[in-house]
Amino acid sequence: MHNNNKELTLSAPLSGPVLTLAKVPDPVFASGAMGDGIAIDPLNDTLHAPCAGVVVHVARTGHAITLRADNGAELLLHLGLDTVELQGEGFSMLVKEGARVSNGQPLLRYDLDRVAQQCKSLVSLMILTNSQDFQARPITLKSVKVGEPLLHIIRRQASGAQAEADLSGETFVGHIRIAHRGGLHARPAALIRQTAQGFKSKSQLHFAGKSAICDSLIGLMGLAVGEQDEVQVSCQGTDAEAALQALLIALSTALAEAPHAVAPAPVTRHNRTAEAGVLHGVCAAAGLVSGPLFRLNAISLPMDAGSHDPAQQLHALDTALTAVRSEIGSTLAQAKKHKHIDEEAIFAAHLALLEDPALLDAANASIDRGMAATHAWSQSIDQQCEVLAQLGSPLLAERANDLRDLKQRVLRALLGETWHYDVPAGAIVAAHELTPSDLLQLSQQGVAGLCMAEGGATSHVAILARGKGLPCMVALGSTLLDQQQGQAVVLDADSGRLELLPTAERLSQVRQAQLDHQQRRAEQQTQAHHPALTLDGLHIEVAANVASSAEAADALAHGADGVGLLRTEFLFVDRNTAPDEEEQRSAYQAVLDAMGEKSVIIRTIDVGGDKQLDYLPLPIEANPVLGLRGIRLAQVRPEILDQQLRALLHVSPLSRCRILLPMITEVEELLHIRQRLDALCSELGVSERPQLGVMIEVPAAALLAEQLAEHADFLSIGTNDLSQYTLAMDRDHAGLASRVDAMHPALLRLIAQTCAGAALHKRWVGVCGALASDPLATPVLIGLGVSELSVSPVQVGEIKDRVRHLDVAECRRISQSLLKLSSAAAVRHACHQQWPLS
Ligand code: PEP
Ligand code: MG
């Protein structure tokens, strides 16, 4: 038997006839969507381990188990089809999560007759869930007995995706002009790669006599395709025609800039005439600050003598890459949560670069020759940076910075160094070149500004600095690195100057300007605890969106008038069992307690669709966001909602707790929950009724606002989903991100209609989607009739300040005219004119 780090032979876990996945009577398994694998129609009653490994997951309902083999392959062993519905009846699990098992060890016994009678089919599956890393080849398709060889697993080469491409079928070729601004740099290239990966065909781009497979970001960038250059696209495989169409569209649709991003600072290279004590550079993010200079050094490696054990070094590199992938994964999740579109796109590209065959192949080859993992990784990145530098495109040369970012991160992981700096708040950081991940850390530590010897104003780090309002200069030259640690400097990014020897007078002038700015912020913060009244005296409640009691406490400290949206999913996700009623009650109570005397709007669970919970199996759906999500869960699992309502009815005081229902589309759904609340109140002997509100996040609800308001106590507009469903654009679609803009006049019309419908029944309307946190939208929302804004906690002071400078009558008049505009961009432009941001 051939078992090593890369290859593994799996033995039959069951006895019976073998089927290919395509023959399995279940569309999801049959399509291979869960991964490669094989099926057996079992004749015995015990499932055995197909190899040695660790049990990484056991289904609560005992019908499935996941093993991780020693070479990293993950295998889902799933007994029967739709057996989850048996809720564990007839199954007995013989091992626990975390246990190490040997090849052939019995894992799960089941009652053959009983299960066969009650489920759709006994056909059982062995699925390789990380098929992107491994490939499965059946050894036999006849009947097998437990323990006989069944499936051969091979780790894919780094360029395995390529080898695996479906090459039967015709080749389709097309030509297209590149619409992406600046050409095919990392973010558009990542989009092209993602598009190509949606198809089985092998796709390539050809330009100026060179070709690159669409799987390789580096390969794509290496073509140095500029904006408006014409490229040839070729796709070969059974779905080649569709792949070609998709790629042509992706290449010819410009990746728009984020709508809310701060406008890029003008890229000005200032005259480098010598001026004593001043370094000239390029402004990447505007601002004027002073502070002590703080040098940041990159890791440098000692000479490597070579002769390392390749297996050990490969393992070390793999572990480091996994760690960095997971760090970037959490950065991405945060960016997504906070709707930082640029940040998300940049780190998604980093993740793709980390999987790039060009990088991995080169590093692995060096390791095979005895090089240390650190040096192999470093050298592989340096080679690719060199390639990018020689392309003659400044934009692509800047992308080398992203590679150097990954070099440093992986080196830190390999060397076991913590990836964390300690930089004093208020410092001006100087470095050869900072990377996007450096920037995220530094901005969290409260540094005042950034300057780099190298780098460009269109690099990712510059985009992030602008987004965070952190003054930043690049291309200051290597003299920057000779400066003394701790010396007081002035960073005047607006004028492209780093003043190394500022006079005391200059320092105090800059400090004063900084202080004025900080003071404005501080004033907003002190005023944040007072109610927000418009110039003509209308009170606008500025509440906060939170997802835990800690965030609620933070919101109160920032002056929130209440919690406008508690997303209760935080209690339900990332765990193996559902929270019981008491756990829920105490979590909701903690949020109420954290908010003093203020009210808290608690939204009932909004899972389903693509947010699946392990312990809450729901049908797999073709269109999850149009499926059983939000309040529709009550149709299929009423007991879950009942339990949550019971927990909510036990918090005290109930007068401060308001309940909000997600994804309502018709009045019936609201009336049904009202009835359930009444019934539960009687059952529990509760005489008081909490207020019950409805989220307006589907166009149908906005159009029916009048009817809903008749039965609801309040309405709260979820602009995130309302945008998705009104514009028919996935709110998480990377290529559409900048167009999913709730300032679209169609959405403003729905908001206006919601407020008009609510007014007929004297109900108030709030906004809890991301639009509420956008200061440009504040006058529009108030003008359309919104009286509560639920924003991110740190923005409470800023939004209250904005409210205090508005005149409602004027907001009403101008907002009506915005409804007649033809695009979100036109609305934003008009708002900038009418109500400039300070
Ligand atoms: C919304 O859709 O705007 C909303 C607030 O809900 P969520 O973002 O949780 O879907
Ligand atoms: Mg929503």
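If you're wondering where the values come from, they're calculated on a predicted model, not measured in any experiment. (Residues numbered from 1 in each chain as written. Chains lettered and ligands numbered in written order. Predicted model: local features only at pLDDT ≥ 70, side-chain atom pairs only at ≥ 80, totals over all residues. Heavy atoms only, no water.)

A. Geometry of the side chain of Ser548. Here Ser548 shows up in the loop between β27 (539-546) and α15 (549-557). Reaching out from Ser548, the side chain makes a polar contact with the backbone nitrogen of Glu551 at a distance of 3.2 Å. With sequence-adjacent residues up to four places away left out, Ser548 is seen in contact with Leu566, Phe570 and Val591. (Helix = DSSP H or I, 4+ residues; strand = E, 2+ residues; numbered from the N terminus. Polar contact = N/O pair within 3.5 Å; in protein donor to acceptor, adjacent residues only side chain to side chain. Contact = heavy atoms within 4.5 Å.)

B. Highlighting the sheet that holds strand β12 (residues 134-138). Reading across from one edge, β1-β13-β12 is the order of the three strands in this open sheet, with antiparallel pairing throughout. In this open sheet, the two strands that pair with only one neighbour each are β1 (7-11) and β12. Taken over all neighbouring pairs, the strand axes of this sheet differ in orientation by 25° on average, direction set aside. (Pairing = 2+ DSSP bridges. Axes fitted to C-alpha atoms, helices over the stretch in contact; angles between N-to-C directions.)

C. Looking closely at the packing of aromatic side chains. Enumeration over the complete set of coordinates arrives at two aromatic pairs. Judged by centre distance (4.8 Å) and plane angle (5°), the rings of Phe714 and Trp764 are stacked. With a gap of 50 residues between them, Phe714 in strand β32 (residues 714-717) and Trp764 in strand β33 (residues 764-767) connect regions that are remote in the sequence. A residue is classified by how much of its surface remains accessible, and Phe714, at 0% relative accessible area, is buried. (Phe/Tyr/Trp six-rings, centres within 6.5 Å; stacked < 30°, edge-to-face > 60°. Buried < 20%, exposed > 50% of the residue type's maximum accessible area, 1.4 Å probe, protein only.)

D. Molecular detail of helix α26 (residues 808-818). Taken together, the buried positions of α26 are occupied by Val808, Cys811, Ile814, Ser815 and Leu818. In a view along the axis of α26, the buried residues occupy a sector of 130°, so they form one face of it. Those residues of α26 hidden inside the fold are in contact with α23 (745-760), α24 (778-784) and α27 (824-834). The residue sitting at the N-terminus of α26 and contributing the capping side-chain oxygen is Asp807; that oxygen lies 3.3 Å from the backbone nitrogen of Ala809. (Arc of directions from axis to C-beta.)

E. Layout of the pairing of strand β3 (residues 36-40). With four of five residues buried, β3 lies mostly within the body of the structure. Sheet topology places β3 next to strand β11 (residues 124-128); five bridges connect them, and they run antiparallel. By the bridge assignment, Ile40 is partnered in β11 with Ser124.

F. Region of interest: the pairing of strand β28 (residues 562-567). In terms of burial, β28 is a largely internal element, five of the six residues being buried. Summarising the sheet, β28 and strand β29 (residues 599-603) pair through four bridges and their orientation is parallel. Each residue of the ladder has a partner; that of Gly562, found in β29, is Ser599.

G. Representation of the packing of helix α7 (residues 310-337) against helix α9 (residues 357-368) within the structure. The contact between α7 and α9 brings their axes to 9 Å, and the two run at 150°. As judged from the angle between their axes, α7 and α9 are roughly antiparallel. For the pair α7 and α9, the contacting residues are Pro310, Gln313, Leu314, Leu317 and Leu321 in the first and Leu360, Ala363, Asn364, Ile367 and Asp368 in the second. Its residues assigned to classes, the contact of α7 with α9 comprises seven nonpolar, two polar and one charged. (Parallel < 35°, antiparallel > 145°, perpendicular 65-115°, else oblique. Nonpolar A, V, L, I, M, F, W, Y, C, P; charged D, E, K, R; others polar.)

H. Local environment of the sheet that holds strand β4 (residues 46-48). Ordered by their spatial adjacency, three strands build an open sheet running β4-β10-β8, and the pairing between neighbours is antiparallel. Among the strands making up the open sheet, the edge pair consists of β4 and β8 (91-93). The sheet shows a mean angle of 20° between the axes of neighbouring strands, direction not considered. Relative to strand β10 (residues 106-110), β4 is paired through three bridges, and the arrangement is antiparallel. In the sheet register, Thr46 faces β10, and the bridge partner there is Arg109.

I. Here's a closer look at the site of ligand 1. Arg567, Arg603, Gly718, Asn720 and Arg731 are the nearest of the 13 residues found near ligand 1. Arg567 places a side-chain nitrogen or oxygen 2.7 Å from an oxygen atom of ligand 1. Gly718 places a polar main-chain atom, nitrogen or oxygen, 3.4 Å from an oxygen atom of ligand 1. Look at ligand 1: alone it shows 290 Å² of surface, and the protein chains cover 97% of it. Put simply, the parts of the chain that give the shell around ligand 1 at least two residues each are β28 and α22 (719-727). (Near = heavy atom within 4 Å. Areas by Shrake-Rupley, 256 points an atom, 1.4 Å probe, with all protein chains shown as cover.)

J. Up close: the coordination of the magnesium ion (ligand 2). All of the protein donors around the magnesium ion (ligand 2) are Glu697 (OE) and Asp721 (OD); their distances to the metal are 2.1 to 2.2 Å. Of this pair, Glu697 sits in the loop between β31 (691-696) and α20 (699-703) while Asp721 sits in helix α22, and the two are 24 residues apart along the sequence. Since its relative accessible area comes to 2%, Glu697 is described here as buried. You can call Asp721 buried: its relative accessible area is 3%. (Donors = N, O, S within 2.8 Å, 3.2 Å for Na, K, Ca; no water.)

K. Representation of the domain arrangement of the protein chain in the model. As assigned here, the protein chain comprises domain 1 (7-155), domain 2 (171-275), domain 3 (279-296 + 422-514), domain 4 (310-418) and domain 5 (529-834). Just the C-alpha atoms count here: the centres of domain 2 and domain 5 sit 38 Å apart. (Domains from an automatic or database assignment.)

L. Focus on the pattern of salt bridges. Following the criterion strictly, the structure yields 25 salt bridges and no others. Residues Arg629 and Asp721 are paired through a salt bridge, measuring 3.1 Å at the closest nitrogen-oxygen approach. Here the residue Arg629 occupies a position in the loop between β29 and α17 (633-636), and Asp721 occupies one in helix α22, the gap between them amounting to 92 residues. It is possible to trace a salt-bridge network through shared partners that takes in Glu569, Arg603, Asp606, Arg629 and Asp721. (Salt bridge = Lys/Arg side-chain N within 4 Å of Asp/Glu carboxyl O.)

M. Highlighting α22. The buried fraction of α22 amounts to eight of the nine residues, a majority that puts the element mostly inside the structure. Burial in α22 covers these residues: Thr719, Asn720, Asp721, Leu722, Ser723, Gln724, Tyr725 and Leu727. Contact partners of the buried residues in α22: β28, β31, α20, β32, α23 and β33. In the segment just after α22, Ala728 is the residue with positive phi, at about 55°.

N. Representation of the environment of Leu501. Inspection of the secondary structure assignment puts Leu501 in the loop between β25 (497-499) and α14 (504-527). Considering only alpha carbons, one finds Leu501 and Gly329, 172 residues apart in sequence, at a separation of 42 Å.

O. Layout of unusual backbone geometry. Omega for the peptide link from Ser652 to Pro653 comes to -5°, which places this bond in the cis form. Topologically, Pro653 is positioned in the loop between α18 (638-649) and β30 (657-661). Phi at Ala208 is positive, roughly 50°, even though this residue is not glycine. Among the structural elements, Ala208 can be located in the loop between β15 (202-207) and β16 (210-213). Here the phi dihedral of Ala728 falls at roughly 55°; this positive angle occurs in a residue that is not glycine. Along the chain, Ala728 falls in the loop between α22 and α23.

P. The arrangement of the nonpolar core in detail. Tyr588, Leu715, Ile751, Leu789 and Leu818 are the most contacted members of the largest nonpolar core, which totals 98 residues. A per-element tally of this core places α23 first, with seven residues. Other than its neighbours up to four places away in sequence, Leu789 contacts Ile540, Glu541, Val542, Ala543, Val767, Ala772, Thr778, Leu781 and Ile799. Counting residues in each nonpolar core, the second largest holds 83 residues, with Ala363, Leu396, Cys472 and Val474 among its members. (Core = buried A, V, L, I, M, F, W, Y, C linked by side-chain atoms within 4.5 Å.)

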